[in-house]
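# Report on the structure
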Amino acid sequence: MIRFKLKEQIAEKEFQEARRITLIEVADATGIGRITLSRMLKPGAVVRTDTLDALCAYFNCRLEDLAEFLPDGHK
């Protein structure tokens, strides 16, 4: 299973910028729908590569900072 670390990236950006960041702000800045971002917060989300690309650009991070592989049976 792929687990997306969107919450962690938002929290890190909030810390760095000393302000609150909403999903709506991320959606507006990246052109990704808020519903798509909300789905990424739940296990089993299916996400397109262009979405991952936009998020990596927004957070200035690498793909492995945004997603990780968990073998079956791990959460």
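Below: a short report on this structure. Predicted model only: the values in this text are computed from it and were never measured.

Each helix and strand counted, the protein has 5 helices and 2 strands in total. Secondary structure elements of the protein occur, N-terminal to C-terminal, as β-α-α-α-α-α-β. What you see for the protein is a C-alpha radius of gyration of 12 Å, in line with the 11 Å of a compact globule of 75 residues. Based on the C-alpha atoms only, the size of the protein along its principal axes is roughly 35 × 25 × 20 Å. Out of the 75 residues belonging to the protein, those deemed buried represent 33%. Carbon and sulfur atoms provide 53% of the accessible area of the protein, an area that totals close to 5,200 Å². The averaged location of the 12 negative side-chain charges in the protein is 6 Å from the averaged location of its 12 positive side-chain charges.

Throughout the structure, instances matching the rule amount to 7 salt bridges. Of the charged contacts in the structure, one is a salt bridge between glutamate 17 and lysine 13, with a shortest N-O distance of 3.0 Å. Here glutamate 17 pairs with lysine 13, and both are found in helix H1 (residues 6-17), just 4 residues apart, close to one helical turn. Overall, the relative accessible area of 14% leaves lysine 13 in the buried class. The closest approach of N and O atoms between arginine 48 and aspartate 50, which form a salt bridge, is 2.5 Å.

Let us look at the packing of H1 against helix H4 (residues 49-59). Direction vectors running N to C along H1 and H4 enclose 20 degrees, while the axes themselves pass 11 Å from each other. Judged by the angle between their axes, H1 and H4 are roughly parallel. Along this stretch, H1 crosses H4, giving a crossing that reads as left-handed. Residue-level inspection shows Leu6, Gln9, Ile10 and Lys13 of H1 in contact with H4, the latter providing Leu55, Tyr58 and Phe59.

A few words now on the nonpolar core. By size, the foremost hydrophobic cluster in this structure holds 19 residues, and its most contacted members are Phe4, Leu6, Val26, Leu37, Met40, Leu55 and Phe59. For this core, the secondary-structure elements that each account for two or more residues are H1, helix H2 (23-30), helix H3 (34-40) and H4. No other element matches H4, which puts 5 residues into this core. Excluding residues within four positions of it along the chain, leucine 55 makes contact with Leu6, Val26, Thr30, Ile32, Leu37, Met40 and Leu66.

Calculation criteria
- Residues numbered from 1 in each chain as written.
- Predicted model: local features only at pLDDT ≥ 70, side-chain atom pairs only at ≥ 80, totals over all residues.
- Heavy atoms only, no water.
- Helix = DSSP H or I, 4+ residues; strand = E, 2+ residues; numbered from the N terminus.
- Rg over C-alpha atoms; globule rule 2.2 N^0.38 Å.
- Buried < 20%, exposed > 50% of the residue type's maximum accessible area, 1.4 Å probe, protein only.
- Areas by Shrake-Rupley, 256 points an atom, 1.4 Å probe, with all protein chains shown as cover.
- Lys, Arg positive; Asp, Glu negative; His and termini not counted.
- Charge placed at Lys NZ, Arg CZ, Asp CG, Glu CD.
- Salt bridge = Lys/Arg side-chain N within 4 Å of Asp/Glu carboxyl O.
- Axes fitted to C-alpha atoms, helices over the stretch in contact; angles between N-to-C directions.
- Parallel < 35°, antiparallel > 145°, perpendicular 65-115°, else oblique.
- Left-handed = near helix turned anticlockwise from the far one by under 90°.
- Contact = heavy atoms within 4.5 Å.
- Core = buried A, V, L, I, M, F, W, Y, C linked by side-chain atoms within 4.5 Å.

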